[in-house]
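Coordinate inspection notes
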Amino acid sequence: MQKYKTYLAGYAFLLPWLIGFLALTLGPIIASMYLSFTQYDLLTAPKWVGLDNYKTMFNDDFRLEDSVKVTFKYVLLSVPLKLAFALLLAIMLNQGLRMLHFYRTIYYIPSLLGGSVAISVLWKQVFDQEGIFNRMLAIFGIEGPAWISNPHYSIYSLIGLSIWQFGSVMIIFLAGLKQIPQELYEAATVDGAGIMRKFARITMPLLTPVIFFNLTITLIQSFQTFTKAFVISGGTGGPINSTLLYSLYLYMKGFTFMEMGYASAMAWLLLAIIAAFTGVLFLTSRFWVFYSDGGK
Amino acid sequence: MLNRKSVSFLMLSSILALAACGGNGNNGNQGSPSAQPSSSASSSPSASQKPAKDVELRMAWWGSEERHEKTLKAIELFEQQNPGIKITGEYSGFDGYFDKLNTQIAAGNAPDLIQMGGNIKEYSGKNSLLDLTPYVGQAIKLDDFTPSLVREATDNEKVYGVTLGVSSSALLYNASMFNKAGIAIPADGWTYDDFKTVTKQISDKLGKGYYGSYDLSSDSATLASYLGSVGKELYRDGAIHFDKKDMVDWFTMWDELRKSGAIVPAEVQVANPPTAVDKSLLVQGKVAIQSGSASQISGFQALTQDQLGLVTYPNGPAGSGMVPPISGQFITAYSGTKHPDEVAKFMDFLVNDPEAGAILGSTRGVPPSAKIRDALSAEITPVDKVLYDYISLVSEVAPDVTYQQFPVDSEFIKLLQVTSEKISFGAASIDSAVDEFMSEVNKLLEKAKQ
């Protein structure tokens with residue numbers, strides 16, 4: 001009976017999300033499965049075409065190829081850098097600073113604003129050829145390139161923006177760091193361990209569950225990034241498809257080129273890619289994630 | 001937790017919400033238009049039959065700030081004359097306008113009144129637009145329109161739109177920059193050689209950061225006119241009428257201009273796209289020439305002290321490749337509108353009401369109604385005069401062809417842009433970029449046939 005009550009409370013807390021999922025998300029998911037086998041221009045009824053969309057995707061869409069390459073580059077660079085940066089700051093903030101709350105809030109602000117269109121617009125202004133960033137470089141006699149409108153650099157400006165939004169990852173790291181018992185460090189100090197050794201032998205292993213969590217969430221979010229690329233490239237994914245992240249190309253196919261069937265198929269491919277990545281993370285996790293309670 | 005009381009409360013409120021959504025549907029206005037012959041153009045404020053409930057319409061358009069203000073003012077006037085009808089404007093820039101519209105149509109909640117461009121037939125062919133034929137001659141008077149303007153909005157012998165303004169593609173130039181550089185302003189009949197000379201001179205004389213022209217290699221209107229001027233054609237009847245060599249010539253010409261410094265470098269072009277009026281370097285007095293629709297001149301001129309003007313695209317060996325003036329924009333109705341009568345009434349108001357005509361001016365091109373046009377010519381503003389003169393000039397010089405738009409236009413534009421960027425950023429050679437362009441164009445033609 002006691003147990004039943006616990007479950008009930010759990011489901012009660014889950015309910016708002018569950019209602020939203022059933023009413024707003026599940027239907028569209030099923031519909032997109034069906035649409036991925038059709039040719040659908042949004043204006044007239046979908047037409048069944050079997051596997052055609054999937055065939056085109058793998059054989060005959062050079063822009064999709066560009067888009068996948070750009071997305072992998074974005075994910076593989078921004079995720080590790082963002083985690084490393086967030087961890088570094090979390091460790092710094094965990095050194096018993098005075099006014100910790102103040103710093104924590106300050107560092108969290110970019111993440112609060114981060115998803116918004118306004119920040120992307122601001123980013124565009126800052127890293128424009130004649131933006132503030134290049135004007136600062138000019139003081140030191142450096143002539144900066146057009147960070148956003150040059151295809152060699154544009155993706156890095158998106159990666160930079162992603163790293164800058166490290167706040168929520170940092171907060172979770174900070175909470176994880178606070179969980180590590182101080183006695184361990186004290187004992188290690190007595191045994192003569194230095195800072196690096198303590199970090200490698202105590203902090204990192206005990207933090208792995210938090211790293212695992214942050215890595216998974218950040219990875220999924222990165223694969224789905226849309227707003228930044230859309231706003232900064234003016235909706236084009238340009239120059240020369242250099243910022244054509246997967247979600248942006250999917251949007252373009254569905255809403256600009258009116259190929260919603262194809263866009264739905266792309267969505268399922270993205271799901272498969274994300275599932276593969278998280279699957280690998282979960283499968284390997286037992287080799288590198290350590291739970292202090294043995295994972296029970 | 002939920003109990004019976006809260007469940008029934010939820011049920012009740014959702015029923016109310018549903019009822020609210022459907023509320024406007026039952027005003028009995030769905031009968032045939034001839035049932036209400038009195039709903040014609042210049043109705044007095046004391047409308048004979050005031051609807052029992054306010055009718056609310058939504059209207060979507062794109063444009064610059066200047067067009068937004070004028071359109072909102074015209075709507076206000078209409079609302080004063082027709083108590084009981086409210087029109088909410090849903091306006092934006094051109095970027096993303098059709099993306100949003102597609103989504104709204106798919107979801108079944110598109111605006112009642114929709115501004116359309118040359119792609120009107122993509123929508124009428126798919127039953128997204130209301131057939132206006134029953135209203136023409138009744139609520140909507142098109143008597144003094146040039147017949148070709150009505151034809152452009154006609155598909156399968158049904159009228160789907162009303163022309164809001166006549167325009168033509170054009171080169172917009174910044175006359176003040178020409179004067180500053182001490183160079184004669186280009187005139188109709190100039191050639192691509194003249195273009196090369198003039199743009200180079202401007203770049204040289206005005207110095208770093210100033211350019212003779214935008215890079216128009218990515219502009220489909222300029223390309224269409226260029227192909228015409230060398231005796232080819234961009235598109236007609238399901239096929240392209242140019243070959244690889246023409247495209248190689250085209251991109252080579254722009255590549256030479258780029259290398260000589262006559263046109264803006266690739267990075268500047270991407271950062272300041274000429275399509276966005278707030279970014280246009282023409283308005284900022286840094287680039288002397290850009291391509292656009294002639295009617296854009298009023299929006300552009302409103303933002304600068306510099307003197308702007310319009311000139312035709314350069315001639316080639318086969319003469320002028322200009323396309324005759326066409327309907328720049330249409331006002332159309334969503335096929336799912338619940339108030340077709342009010343919609344028709346407002347459409348007529350936009351093009352035939354003298355006061356509305358005076359408010360709107362030439363913000364969407366030269367007004368299609370001869371009466372309004374004459375009234376406007378009587379007290380014409382300088383910028384309107386530039387537009388009027390240009391449109392009548394183009395009517396004279398353009399070869400007598402019926403214009404056909406490339407069927408999947410938005411994709412063609414995107415393809416041309418990416419090809420142009422590959423060349424301008426040096427990511428591909430002209431030859432390989434054009435090969436890819438030609439094969440992609442053929443795919444687009446295939447798609448259009450489906």
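Chain B carries the name Sugar ABC transporter substrate-binding protein in an unreviewed UniProt entry, which gives Cohnella thailandensis as its organism.

Moving on, we get to the overall build of chain A. Looking only at helices and strands, chain A has 13 helices and two strands in total. Principal axes of the C-alpha set define a box for chain A whose edges measure 75 × 75 × 30 Å. Expressed as a percentage of its 296 residues, the buried residues of chain A come to 30%. Once local pairs closer than 6 in sequence are excluded, the contacts in chain A between residues at least 24 apart make up 69%.

For the rest of this paragraph, the subject is the interface of chain B and chain A. For interface size, the figure often reported is the accessible area lost on association. Taken together, the contacts link 22 residues of chain B with 22 residues of chain A. Put simply, the parts of the chain that give the side of chain B that touches chain A at least two residues each are α3 (97-107), α10 (266-271) and α16 (409-424) of chain B.

Right, let's get into unusual backbone geometry. Residue and element names in this part refer to chain A. Within the chain, Leu42 stands out as a residue other than glycine whose phi angle is a positive 80 degrees. Looking at the secondary structure, you find Leu42 in the loop between β1 (38-39) and β2 (47-48). According to the C-beta neighbour criterion, Leu42 is buried, with 21 such atoms within 10 Å. Even without being a glycine, Asn241 presents a positive backbone phi close to 60 degrees.

Let us look at the pairing of strand β8 (residues 233-236) of chain B. All names here are of chain B. For β8 and strand β9 (residues 239-241), the ladder comprises two bridges, and the chain directions are antiparallel. Bridged to Arg236 within β9 is Ala239. The turn joining β8 and β9, which pair antiparallel and follow one another in sequence, is formed by two residues; a positive phi near 50 degrees is taken by Asp237.

This brings us to the domain arrangement of chain B. All names here are of chain B. Considered domain by domain, chain B is made up of domain 1 (53-165 + 327-383) and domain 2 (169-322 + 406-449). Between the C-alpha centres of domain 1 and domain 2 there is a distance of 30 Å. Facing the 16 residues of domain 1 at the interface are 12 residues of domain 2.

What follows is about the pairing of strand β7 (residues 169-174) of chain B. Residues and elements named next belong to chain B. When you tally the buried positions in β7, you get six out of six residues, the bulk of the element. Side chains Ser169, Leu171 and Tyr173 of β7 all project onto a buried face; the interleaved residues Ala170, Leu172 and Asn174 project onto the opposite face, where all are buried too. With five bridges joining them, β7 and strand β10 (residues 289-293) adopt antiparallel strand pairing. Its bridge partner lying in β10, Tyr173 is registered against Ile289. Relative to strand β11 (residues 308-311), β7 runs antiparallel, the two being bridged by four bridges. Pairing of Leu172 across the sheet is with Leu310, part of β11.

Reading the values: rules and limits
- Residues numbered from 1 in each chain as written.
- Chains lettered and ligands numbered in written order.
- Predicted model: local features only at pLDDT ≥ 70, side-chain atom pairs only at ≥ 80, totals over all residues.
- Helix = DSSP H or I, 4+ residues; strand = E, 2+ residues; numbered from the N terminus.
- Buried ≥ 20, exposed ≤ 12 C-beta atoms within 10 Å, placed from the backbone.
- Contact = placed C-beta atoms within 7 Å.
- Pairing = 2+ DSSP bridges.
- Domains from an automatic or database assignment.

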